[in-house]
Each structure stands twice: as structure tokens, then as C-alpha cells.
Amino acid sequence: MSRRPTLPRLALLLGSLLTAACAPMHLLGYSLFPDYPDAPETAEYRLPGISSPVTVTLRDDGLYRIAAENEADLFYVQGYLQARDRLFQMDFIRRMAEGRLSEVLGNQSMGDKTTVDLDVFNRFMGFSEQAEALYAAMGPDERVALDAFADGVNAWIATGERTLEHRLLDATMRPWRATDSLTIFRVLMFGLTHNYTRELRRLVIACASGIDAMERVWPSAIEFGPYFLPTEALGEGEYTLPPAVVPEMRDELAALCPDGAGKSTLAQNDNLELYNPLQLLQGGIQSSNNWVVAGSRTASGKPLLANDPHLPQLNPPIVWGITQALPETEVSGFTIVGVPLAFVGHNFHVAWGSTINNVDLQDLYVQKPARLSDGTDGYAYDGTAVAWERRTERIHVKGEKPVEVTVRFSKHGPLLNDLDPFLRDRIPLTALHSVNLDDTNDARALRKAAYAKNAREYVEAMQDFDSACISWVFADTSGDIGFTSPCRVPVRPSHLGTFPVPGWTSAYEWTGVYDKAQLPRVMNPEQGWIATANNRSLPSSRFATPYNNDPSPPNRYVRIADRLNEKPTLTLEDMSAIQMDTGLSYGPALVAEFRDVLCGRSFGSPITDTAAGHLCEWNADASADSVGATLFALLTHAVLDRAMADDLPGGAEGELWKFVQSIPHFETNVDWLWTRAAIDPVWDDVRTPKVENRAMILRAAFEDAVGVARERYGDDPAAWKWGTVRPFVLQHPFGGKGGILGSVFNADALAGTGAPETVFKNQYLRSDRARMHVMAGPSLRFAADLSDLHKSRFSLAGGESGWPGSPHYADLTQEWMEGKTRALSPRPEETKVKAVWIFVDGRPSEKQ
């Protein structure tokens, strides 16, 4: 997909000169004469410190194969190449993780927060300090990759090549440190391993409207089946779980909640300078699919494996493809930008894929104020007044005075009230408590996995992984398949972990972490396959204390399972086809419900009647050409407004309703609502004297939905196609405003397909009703046949390069949308080679 300037684009750029600012001049100059790094067919590069020559093969799809004699040289060159491709993105995500975005961006809106808000949160969460502790705890073998990668990044920085974004911001790139990769890794793990955002929303609702209203809007103990672990892996025990809302909270919460005076509002996100999917890195990502099929069910007689990580949809993507070839192993897969080790891929013996397992590693603790003997403020704990620990940080803001922020810490962690101005007057004093991860062995696990010769060695390697309960599925060339999910799981014997608990008593403390040998895993299941899609791994009653909290609903899992079971023998092409599936597993039952309530009756409007026909004939597939998919989305919005928002101050137009829906995890509530019986308290509008039921809400909501469609898309329902009303635009962080920046940095718009809970997941936030802009989805797809791993396939939303206008900037996006795949690990004779470079020791003689 070329980004060379077209005449309309140039007209926009020329218009930017009217501002007489430096940044538009950079944009114009780059668009006319893009100076991205070139790719000569052959070249020799000299980098100081390389011990043996390193050969790099650049393929026609932009991915590299790096062949080296040792890890230090390999990761040195990898750092150099990744910085060459993605230096601004690396710097941007590093700054976000450190809490230093405002230094180069100023204070701007970023989703429903500002850059200063994000900086405050990430600074006080201490991701940089955690990275330092992780690095200090590592052995020398684990440091090699991080140290060498940092040296390579700095070798590229030394060339003096500035990205377009750095020029526009007039920002410099400081040297890369090994701990910077770990800082990025820590913020990613934080985003993958918590349910605190759901706990927090329940607390906000409970303070605003009461606990009973909270249970109607965001229930504290939603449990969906089916479960992804096969029967033989569920264990024998049956346990009684503790409560979600413990007695002290039910009795005392109302008195602890603030009166709400002077409540602040959310940042406005309708005219973004920055693109808010980046918030998902810190605010919580809950999606991905992976599955593995035994050779007994495949055409080749060997296992098949598929993985499509659902990540923030950004241009460029936050993943980067690489083949790392060493004498002892060769890994083909994908890394996260700024982190050198592969999280998905294969090593020609074992293939692996990852999703989040939604194991709860965090809790919220409500603290009671208490006065110390010296008259200062503190908090109560087991009858004693304890002093707050206070920490102060200065946030430097470009173009403004620095912002000095002080945050109180209890023994449980930082107070969210001090971290987020929106919460200050809405919740009692509430601390965020997390599992201690300062000495985790994740780097050791990923490094050992790269050398695993079979599935059992892979499982042994991954036992060292601590930071997040990832659902790792794997297979080896001998035919073994399996699932493992090691991490540090807290033991919480006295509460469920989905609603805050009293922090003023030791009764609700964790009592340690589980031995990893006690955590669920499975090898070679009887059914011949394993699939995970962020749904529950096992029933809550089958684990001794709470394990999976606030997982995704099982729709994607059910759809994958149905597709795996519909054919007796599966092929690699079948794996890729399942990844493209856009059907809703619960859709047929809902369509039947719509027929009973909405079909065969007149609404008194020909347009509404025609729209009802589209919905009633819908096949429950969120394809791009479907009018029914559009109507279902709009109907869902309207049903949510009518059934849930009545319990909140301000109703559907209030700030609180917007806040409640502002994370992807709200989809669980959507699914829960659709499962409610025809007569259920959730359907009743508490503001009216009559008692509403499901049918009444559906009819009224459908008319609401048609009214919205007419207002937005016109009076012809045939034009309300899903791919038209919700186009897919792969945006750069600077492309949220569109216009000139969007023209230069964003990929071209494509017809959108998929929905928030289809296998081909295209997630938008329910708070973004007007645009339904895709925030997250399967930015990467990977499929492997263990009979011949050279046949492994991939597709990527984006491209390898982060330089606008370069040949590999967003060049794979159209193929990704259409479901076309490319070879990840072709044989040398099948590789379409674009360039071959040799890296040797020595000081660079010229700019490279």
C-alpha cells in the first residue's frame, strides 16, 4: 500500500503552509521527498563490537531473517533494525510506560484521559522502578538479549537519522537502556493481568446508586460457560467460593463514599490529537484467540496451531516480525516493539501461541481514614492508625509549567483517588494492590522456550514465567499438544476479588501465591484439540480459591469449537478460515427472539418496517455487506441505554454511563444482558411507575436504533451496511484528528467487518457510539502445520516499517482484511529476497 503523495493529499499539505509553523513544513517536505531509510540490494554495515559477521535477509514483505553465530550479535543487529524501522514508536511507548509523554506532547486529550493523567498513573505505578528490579534479579544469560538489543538501538540512534515524528515534535531520542525494554514489558503485563478496571466501575456505580443498582449494571459474579479446559483437566474437587461483596462493604460503603460535590468530567475525545488505543496498553487488554489440534484430527497427521492476538490496532502495529537464526535454534515469530524475544511463533521443533487467561492478580482495598496521635491524617488497619506513605513526582509538560503531584500509598498500594481526578469525588479512599513481580523470571522462560526441542521442554521452560497468566498453547513435531498458564496466582480465601474489600482489617489479605504445579494445564486431551478465547478455563467451583475473574464471554470460544468440530479432518487453510470467522455464536437465538418481538408487525413507518425486515432476516454474521449487523449494533446500544443507564445519575447522557462503558471489558455485560429472562429486574426502568419487560425494551430500543440510523446514515436502510457505516482505519497515534496528519500517517480506510465478540474481533468501545471506531483486534494472525513448519502462515494489520511512504508502511493491511496469508518461514529457495546485508565489526564509515 503506497503512501506516496497524491494530488489531493498534496493540496491538503500545501494548505498547511498557511499556519506558517515548522511542523507543517516538515510534513510537506517529507511528503514531497520522503527520506526514509533506503534498502540497497546488498550492503555491508559496520557496527562496533560485533564478534562474527551477521547476515540479514530482507524479504519482499519487509520481514527480516537475522543469522548470527551468537545471541549477543543477533540481538545487537535486531535492535539496530528495529530502531531503523520503528524508532519513534519505541520511544513513544517507552515514554508512555515511564510516565513521560507530556514532556514531548504537552497536555492533550488521549481517549477519556489526558497525557498528564496517563503520566501520573504510570509514573506512580512504578513500571520503570519495577524494570530496574527485574534487571537486577536477572542472570547474565538473560541479560544478553536486553543488553545487546539496547546496544543495537543506540547504534542506529548514532547515525543521526531522525524520524518524521521526532522532527514534528522537535524532540530528541535519548539512548536506549536494557531496562527500557523491561519497562515496556511491565506496562504490557499490567494491561494483561488485572480486573481492577471492572472492580473500579462496580465501586463507582455502587457509590452513585447503591450496591443493588451495581448488580443490575455490572454484576459482581458473572459466570459464563462453556469452559475451555477439557473435562479430564478440571480436577476432582468442588469448592464453595467466598462472596464478592463482603458484609463490611455492604454495611459501611454508603458512609465511606464521598458526597460527590465538585465531580470532575472525563476528557473529551471527539477531536483527538492522539489515538486512544494506546490507553489499552495500560488500561487493560482482554482478548485473543488460540487453538491447537492433534494430528489425529488433521490431514497431515501432525498438529496444527493457530493464534490471533487481539491487540491495540495501531499504525504501525505494536508487533514486529523476525526470524532469529542461531547455530542451536531458529525462531520465526513476532516480538512486541521494544522487547526482543518472540511471544508467538515456532523454532522448527515447537510452535506456540499466547492469549490472556484472565487470572486475577489485583484487588482494590477501601481504606478508612484515621487520625494519628500527632494529629495528622492516616488510615485504619486492625484498630491502629497508620501513616500514609506520600510520594511526590514532578510531571514536565511541554509548553506549560511542571505539574507536581503527591500520591498517598497504604500498605496495599497507591490510592486511585490521587491518581485519577475523575475518581477523586466518586469513590472512598481506595488502594490498588498487585502481586509482587519485582523478581520475575519471564526473560529466562522466553529464552529457554526458544531452545525447546519438544513440548515437554517447552512446558518446563515456561514454568519460569511469572508476570501474567498467559494461555500458552503449544505443539511439537512429534505430535504432542498442550496448554499451560503459569504465573503468580494470589490465594484469596475470604473474598471473590471482583468487588473492593475492606482495607481496614487483615481479614481479607491474600495468604500467599499458589505453587505452579497446582495451576491448570493439559497435555494431549482426549477430544483432540484445545482452544482458548479469554473465556473461563474451568468452573469457579473447581478451583480452591478464586481463579478466573471477570473473563470474556465464551462466544468466540463456542464459535471456534463449533468450527473445529464440524469437519473430521482439518487443514492449515481451515485454521486461517476460522480466524476470519465473523459469525456470532449467540446470534441465531437472538434473531429468533427478534422475530417474536419485532417481526410481522408494523411500526407505523415504512422505513422502520423495512429495517425490521433486515434484522429479522439477518444470519447473525457481522460481514461488511450486512445491514442486519449494523442494526444489531445500534439495537444493542439502545437496549443497553434503556435497560441499564436508568440506574445511574444522568441516565444514558451522563458522564458515569460513558465512564462505565469506556473499556473493552464492558462486552461481558452486553452478553450478560442478552441472557436475561423475559421478566427480570434489569429490564425494569426504575424511573417509571410501570414494570417493563424484555419485549417492551426491545420494541422501544429498536425504534431508537432506527432513529439513530436515519439521522446518521440517511433514510435508505439498504445503505446501512456494516462496512460502510463503520469503516476500518488503521491509525497512527497522531492520526486521530484526520486532516493533514491523518493523510500522512494513517492507512487508507477499508470496509470494516467483524464485531466485538466474533472470532475476527473488531472491538470498539461502547462509549464511542457515534464512530464505533475499532480500537483492538487481531492485528496479527499466525498458523502453523507441525508436519512442515516452513508452511507457517501469517497476516499483519499494518507493515514492518514505521516510516510513512516507505514500501512496508501499512502494506499488508489490505491482505489482512481479506484473509490472505503469507509464508512466515519459507525455505531459502522459496524466499522472495529483496536485499541481503552483512553486519561486521567496526566503526561506521558513513551514515547508514
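Residues numbered from 1 in each chain as written. Predicted model: local features only at pLDDT ≥ 70, side-chain atom pairs only at ≥ 80, totals over all residues. Heavy atoms only, no water.

Student: I keep staring at empty space enclosed by the protein and nothing clicks. Help me out?
Tutor: Summary: where empty space remains is shown by rolling a probe the size of a single water molecule over the atoms. The tally for this structure, following the rule as stated, stands at 14 cavities of 30 Å³ or more. Lining the second largest cavity are 21 residues, and of these Met 189, Leu 192, Ile 336, Phe 343 and Ser 354 sit closest to its centre. No other element matches helix α9 (residues 178–192), which puts four residues into the lining of the second largest cavity. Of the residues contributing to the lining of the second largest cavity, the split by class is 16 nonpolar, five polar and no charged. (1 Å grid on protein atoms, 1.4 Å probe; cavity = no way out; pocket = protein on both sides within 12 Å on 5 of 7 lines; lining within 4 Å. Points joined across faces, edges and corners; volume = space filled by probe spheres on them. Helix = DSSP H or I, 4+ residues; strand = E, 2+ residues; numbered from the N terminus. Nonpolar A, V, L, I, M, F, W, Y, C, P; charged D, E, K, R; others polar.)

Student: Sorry if this is basic, but what is going on with the environment of Phe 224 here?
Tutor: Topologically, Phe 224 is positioned in the loop between α11 (211–217) and α12 (247–256). On the basis of relative accessibility, which here comes to 15%, the residue Phe 224 falls in the buried class. (Buried < 20%, exposed > 50% of the residue type's maximum accessible area, 1.4 Å probe, protein only.)

Student: Explain the state of the cysteines to me, please; I cannot follow it from the model alone.
Tutor: Two cysteines form a disulfide when their sulfur atoms are joined by a covalent bond. Per the stated rule, a full pass over the model turns up three disulfides. Paired through a disulfide, Cys 207 and Cys 257 show a sulfur-sulfur distance of 1.9 Å. Around the S-S axis, the bridge from Cys 207 to Cys 257 shows a dihedral of about -70 degrees and counts as left-handed. With a gap of 50 residues between them, Cys 207 in helix α10 (residues 196–209) and Cys 257 in the loop between α12 and α13 (278–283) connect regions that are remote in the sequence. We classify Cys 207 as buried; its relative accessible area is 18%. If you count the bonded cysteines of the chain from the N-terminus, they pair up as 1-2, 3-4, 5-6. (Disulfide = S-S within 2.5 Å.)

Student: Please clarify how unusual backbone geometry should be interpreted in this entry.
Tutor: Keep in mind that most residues, glycine aside, have a negative phi and that most peptide bonds are trans. Here Gly 225 and Pro 226 are connected by a cis peptide whose omega angle stands at 5 degrees. Following the sequence through the fold, Pro 226 ends up in the loop between α11 and α12. Even without being a glycine, Asn 524 presents a positive backbone phi close to 50 degrees. You can see Asn 524 is positioned in the loop between β23 (521–523) and β24 (529–532). Residue Asn 524 is classed as partly exposed on the basis of its relative accessible area of 34%. The backbone of Asp 550 shows a phi angle near 55 degrees, a positive value even though the residue is not glycine. Note that Asp 550 resides in the loop between β24 and α17 (555–565). You can call Asp 550 buried: its relative accessible area is 11%.

Keep in mind these numbers describe shape, not what the thing actually does.
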